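Chains, contacts and geometry: an overview
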Amino acid sequence: MTPLAAAAVVTATFLGMEFVAWFMHRFVLHGPLWFLHRSHHVRHPHRFERNDFFFLFYGSLSMLFIIYGSADKDWRFWIGTGIAAYGTLYFFVHDVLIHGRLRFWRKSRNNYLRALNMAHKIHHKTTGRDGSEEFGLLWVSPRYFALARRKPAPGRERSRLTESAN
C-alpha cells in the first residue's frame, strides 16, 4: 500500500469513527447496553466505571486489526491505526478535558473545545436512558459555538475587569 493510500485509509477510518461513535452512543449505549453505559451518567466515587469496558472493546478491535495487518502493512493495519488515533483523541478530549479523570488539562480557551465541552454537559444533563442529545465527540452543533463565543473563556473575566479599571 502506498503511503498516500495508507494516509487516506487512516484518515477515512478516523473520520468514520466519529459516525460509529455517534451511532453506537445513540442507539446501542442508550439502548440495549444502557446497563453498562449508565455508570457514566451518574455520579459515583469509583475511579473506573462499567462504561470503561467500551474502551477495552475498541482498543481490542484496533489491536486485532493492527496485529493481523502488520506483516504486510495492509489495509487492516491502517484501519487499526485510524481506530487507535480516534481512541487516543477520544481519551484526551472526553476523559481528560471534559470529565477531568486526569488533572493536567482542566480548562481551555479554545472556542471549539469549549463548545464541545458545553455540548457534552448538555448530554449529561439527563441521567436517564432517554432524553439526551449531542451523542458525538468531535462534531458540535453550531449553537454551542455561538454560546462559546458569547461566554467568556476561563481567566478572561479578570483581564476585562482589570482593563476597564485602568
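Remember, predicted model here, so these are calculated numbers, not experimental data. (Residues numbered from 1 in each chain as written. Predicted model: local features only at pLDDT ≥ 70, side-chain atom pairs only at ≥ 80, totals over all residues. Heavy atoms only, no water.)

1. With respect to a positive patch on the surface
The test is simple: Patches here: salt-bridge-free residues with over 30% relative accessible area, like charges joined within 9 Å, nonpolar side chains (Val, Leu, Ile, Met, Phe, Trp, Tyr) joined within 5 Å. Only the protein chains shown count as cover for residues, and all accessible areas are computed by the Shrake-Rupley method using a 1.4 Å probe. For this analysis, a salt bridge means a side-chain nitrogen from Lys or Arg found within 4 Å of a carboxyl oxygen belonging to Asp or Glu. This count recognises Lys and Arg as positive and Asp and Glu as negative, with His and chain-terminal groups excluded. We put the charge of a Lys on NZ, of an Arg on CZ, of an Asp on CG and of a Glu on CD. A run of H or I in DSSP becomes a helix once it reaches four residues, and a run of E becomes a strand once it reaches two; helices and strands are each numbered from the N terminus.
Among the surface-exposed residues, Arg43, Lys107, Lys121 and Lys151 lie close enough to one another that they form a single positively charged patch. Residue position: lysine 121 is located in helix α5 (residues 111-123).

2. Here we look at the environment of arginine 149
Put simply, the test is: Residue exposure (1.4 Å probe, protein chains only): buried if accessible area is under 20% of the type maximum, exposed if over 50%, otherwise partly exposed.
Among the structural elements, arginine 149 can be located in helix α6 (residues 142-150). The class for arginine 149 is exposed, based on a relative accessible area of 56%. Along the chain, arginine 149 and asparagine 110 lie 39 residues apart, while their C-alpha atoms are 9.6 Å from each other.

3. Examining the packing of aromatic side chains
Using the following cut-off: In summary, the pairing rule links any two rings of Phe, Tyr or Trp, Trp by its six-membered ring, whose centres are within 6.5 Å, and it sorts them by plane angle into stacked for under 30 degrees, edge-to-face for over 60 and tilted for everything else.
In total, this model carries 13 aromatic pairs according to the counting rule given. Here the aromatic rings of tryptophan 22 and phenylalanine 27 are separated by 5.8 Å at their centres, their planes lie at 80°, and the arrangement is edge-to-face. Exposure remark for phenylalanine 27: the relative accessible area of 43% places this residue in the partly exposed category. With a centroid separation of 5.8 Å and an interplanar angle of 80°, the aromatic rings of phenylalanine 55 and tyrosine 90 are classed as edge-to-face. With phenylalanine 55 in helix α3 (residues 53-69) and tyrosine 90 in helix α4 (residues 75-98), this residue pair connects regions lying 35 residues apart in the sequence. In this structure phenylalanine 55 comes out as partly exposed when scored by relative accessible area, which is 32%. Each member of the aromatic cluster is reached from another via a ring pair, and the members are Phe14, Phe55, Tyr86, Tyr90, Phe91 and Phe92.

4. Some thoughts on α3
Test applied: Take the number of residues in a helix, subtract one, and multiply by 1.5 Å to get its expected span. Note that the arc is defined by the directions from the helix axis to the C-beta atoms. In this description, contact between two residues means that some pair of their heavy atoms is separated by no more than 4.5 Å.
Spanning 17 residues, α3 covers 24 Å between terminal C-alpha atoms, matching the ideal 24 Å at 1.5 Å per step. Listed as buried for α3 are Phe54, Ser62 and Gly69. The buried residues of α3 all sit within an arc of 65° when viewed along its axis, so they share a single face. Exposed side of α3, more than 90 degrees from the buried face: Leu56 and Tyr68 are the residues found there. Buried-residue contacts for α3 involve α1 (3-29), α2 (34-41) and α4.

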